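Secondary and tertiary structure notes
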Amino acid sequence: MKIALLGLPQSGKKTLFTLLTGREVPEHGTEGESLEGVAPIRDTRVDVLSEIAKPDKTKYAENKVVLCPDMSEGTGKREWLDAARRCDLLCLVVRDFASESVYHPSGSVDADRDRRALETELLLADLELIEKRLERLAKEKKGGKTPGQAKEEEVLLKCREAVENERGVNTLNLNEEDLGAIRSLNLVTLMPILLIRNVDEDRVGSAEGGGENVFFISALIEKEIMEMDDPAERDEYLKALGLESSGLDRLNAAAYDALGLMSFYTMGKDEVRAWTIRKGTPAPAAGGKIHSDIERGFIRVEVIKYDDLTAAGSEAAAKAQGKAHLKGKDYVMEDGDICHFRFNV
């Protein structure tokens, strides 16, 4: 999964990128360049399973994070677009903190104004792509329109009308046939969007519940948490802020939810590992995430539910209690499944 971090200059997206990936952003980078890093998802279930299994290696699931070039209002420059279109989720980072030492390109802090500006840039980017494609279709159809071109034009006209009325393409609830006709354009307002409000540190505890697909975080606090080596000290600090977990962990979870993803696990003496799949994935396809041979030669999968295993204290104890179940090809994976796949190729 790829997450795009987008925003105006000085919104805090570079700090978030570094905190998520551990990769420093060059002070004098190439203009218009995007950066990519890997963000491990600190899953507490992985930690618990590792404590039980005592493996040689522990592997969290990962998100790829793309720091896109700055967005700018009203300039027509869209250097961010190519990088954003290759991602699965757009995270719009909006500055909602006051600081005399950090300038704001618009001269004042107004998170709602900035959100509207970013959303307008997304709409304008899609409108430009739609117009160009319609112009090309008009030239192509002079020699006779194919059924595919006719369908594409029909859907694009719907999309243009929505965008011109300041509505994203995702509001049209297009069916699979319609989506297939325009998929190659990678329209950004068709993608899931998560709004990240980078707030003052004294507001982060009271900023929960900002609405659907709105996420509050304080990059300054997250930086302080990352600098704490003692887990007990981190937990105490989070409790004092009224939080159960760090903003980075909650952000990764929110991104998972926005994309309809979940995790299953494999565990043994060599490794405990989380694997990312989409909700509704059948068992053979989930095994294919581990190795293509598992999907190709799938026989069955042995499944223990996370709660059953942790209650029993070990895999052996869970099996002795009858909590291990063999599932076939039709089994649809559930979040938290601990799996041993059986296959033959």
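Look up: the structure comes first, before these words.
Now for a description of the structure that goes with this document. This structure is a prediction, so every number in the text was calculated from the model and none was measured.

**Re the overall build of the protein**
Looking only at helices and strands, the protein features 13 helices and twelve strands. Overall, the protein is about 70 × 60 × 35 Å in size when its C-alpha atoms are taken along their principal axes. The buried share of the protein, taken over its 345 residues, is 44%. Here the protein displays about 17,900 Å² of accessible surface, and carbon together with sulfur accounts for 46% of that area. Computed over 49 positive and 64 negative side-chain charges, the separation of the two mean positions in the protein equals 6 Å.

**Let's talk about the sheet that holds strand E6 (residues 193-199)**
Either a parallel or an antiparallel arrangement is found when strands of a sheet pair, and the pairing is made through backbone hydrogen bonds. With respect to topology, six strands assemble into an open sheet ordered E2-E4-E1-E5-E6-E7, the strand pairing being mixed. In this open sheet, the two strands that pair with only one neighbour each are strand E2 (35-40) and strand E7 (214-217). Each strand axis lies, on average, 30 degrees off the axis of its neighbour in the sheet, ignoring direction. Bridging between strand E1 (residues 2-7) and strand E4 (residues 62-67) involves four bridges; their strand directions are parallel.

**So, helix H4 (residues 111-140)**
Spacing of three or four residues puts side chains on the same side of an α-helix, whose turn is 3.6 residues. Taking 1.5 Å as the rise per residue, H4 with 30 residues should run 44 Å; its terminal C-alpha atoms sit 44 Å apart, in good agreement. For H4, the capping residue at the N-terminal end is aspartate 110, with a side-chain oxygen 3.3 Å from the backbone nitrogen of aspartate 112.

**Describing the nonpolar core**
Counting residues in hydrophobic clusters, the biggest one holds 39 residues, and the most contacted among them are Leu5, Leu16, Leu49, Cys91, Ile196 and Ile338. When near neighbours in sequence (up to four residues on either side) are disregarded, leucine 49 contacts Tyr265, Met267, Val272, Tyr306, Leu309 and Ile338.

**A short note on helix H1 (residues 13-21)**
A large share of H1 lies buried, amounting to seven of its nine residues. Immediately beyond the C-terminal end of H1, within one or two residues, lies glycine 22, with a positive phi of roughly 75 degrees.

**Things to note about the environment of asparagine 165**
Along the polypeptide, asparagine 165 turns up in the loop between helix H5 (147-164) and helix H6 (176-182). At 2.7 Å, the side chain of asparagine 165 forms a polar contact with the backbone oxygen of glutamate 161.

**So, the packing of aromatic side chains**
A complete count under the given rule lists three aromatic pairs for this structure. With a centroid separation of 6.0 Å and an interplanar angle of 75 degrees, the aromatic rings of phenylalanine 264 and phenylalanine 341 are classed as edge-to-face. Placement of phenylalanine 264 in strand E8 (residues 261-267) and of phenylalanine 341 in strand E12 (residues 338-343) is noted, with a sequence separation of 77 residues between them. The exposure classification of phenylalanine 264 matches that of phenylalanine 341, with both residues buried. On the numbers, 6.4 Å between centres and 65 degrees between planes, the contact of phenylalanine 298 with phenylalanine 341 is edge-to-face. Placement of the pair is phenylalanine 298 in strand E10 (residues 298-304) and phenylalanine 341 in strand E12, with a sequence separation of 43 residues. Exposure remark for phenylalanine 298: the relative accessible area of 7% places this residue in the buried category.

**Concerning the side chain of glutamine 149**
With respect to the helices and strands, glutamine 149 occurs in helix H5. Its relative accessible area of 15% is what places glutamine 149 among the buried residues. The contact partners of glutamine 149, leaving out residues within four places of it in the chain, are Leu137, Glu140 and Gly144.

**Comments concerning unusual backbone geometry**
A positive phi angle, near 50 degrees, is found at lysine 54, a position not held by glycine. We note that asparagine 173 has phi near 50 degrees; this positive angle belongs to a residue other than glycine. With respect to the secondary-structure elements, asparagine 173 resides in the loop between H5 and H6.

**Quick word on the packing of H1 against helix H9 (residues 247-258)**
Two elements in contact, H1 and H9, have axes separated by 11 Å at closest approach and are oriented at 90 degrees. Of the possible angle classes, the one that applies to H1 and H9 is roughly perpendicular. For the pair H1 and H9, the contacting residues are Leu16, Leu19 and Leu20 in the first and Leu248, Leu251 and Asn252 in the second.

The rules behind each value
Residues numbered from 1 in each chain as written. Predicted model: local features only at pLDDT ≥ 70, side-chain atom pairs only at ≥ 80, totals over all residues. Heavy atoms only, no water. Helix = DSSP H or I, 4+ residues; strand = E, 2+ residues; numbered from the N terminus. Buried < 20%, exposed > 50% of the residue type's maximum accessible area, 1.4 Å probe, protein only. Areas by Shrake-Rupley, 256 points an atom, 1.4 Å probe, with all protein chains shown as cover. Lys, Arg positive; Asp, Glu negative; His and termini not counted. Charge placed at Lys NZ, Arg CZ, Asp CG, Glu CD. Pairing = 2+ DSSP bridges. Axes fitted to C-alpha atoms, helices over the stretch in contact; angles between N-to-C directions. Expected span 1.5 Å × (residues − 1). Polar contact = N/O pair within 3.5 Å; in protein donor to acceptor, adjacent residues only side chain to side chain. Core = buried A, V, L, I, M, F, W, Y, C linked by side-chain atoms within 4.5 Å. Contact = heavy atoms within 4.5 Å. Phe/Tyr/Trp six-rings, centres within 6.5 Å; stacked < 30°, edge-to-face > 60°. Parallel < 35°, antiparallel > 145°, perpendicular 65-115°, else oblique.

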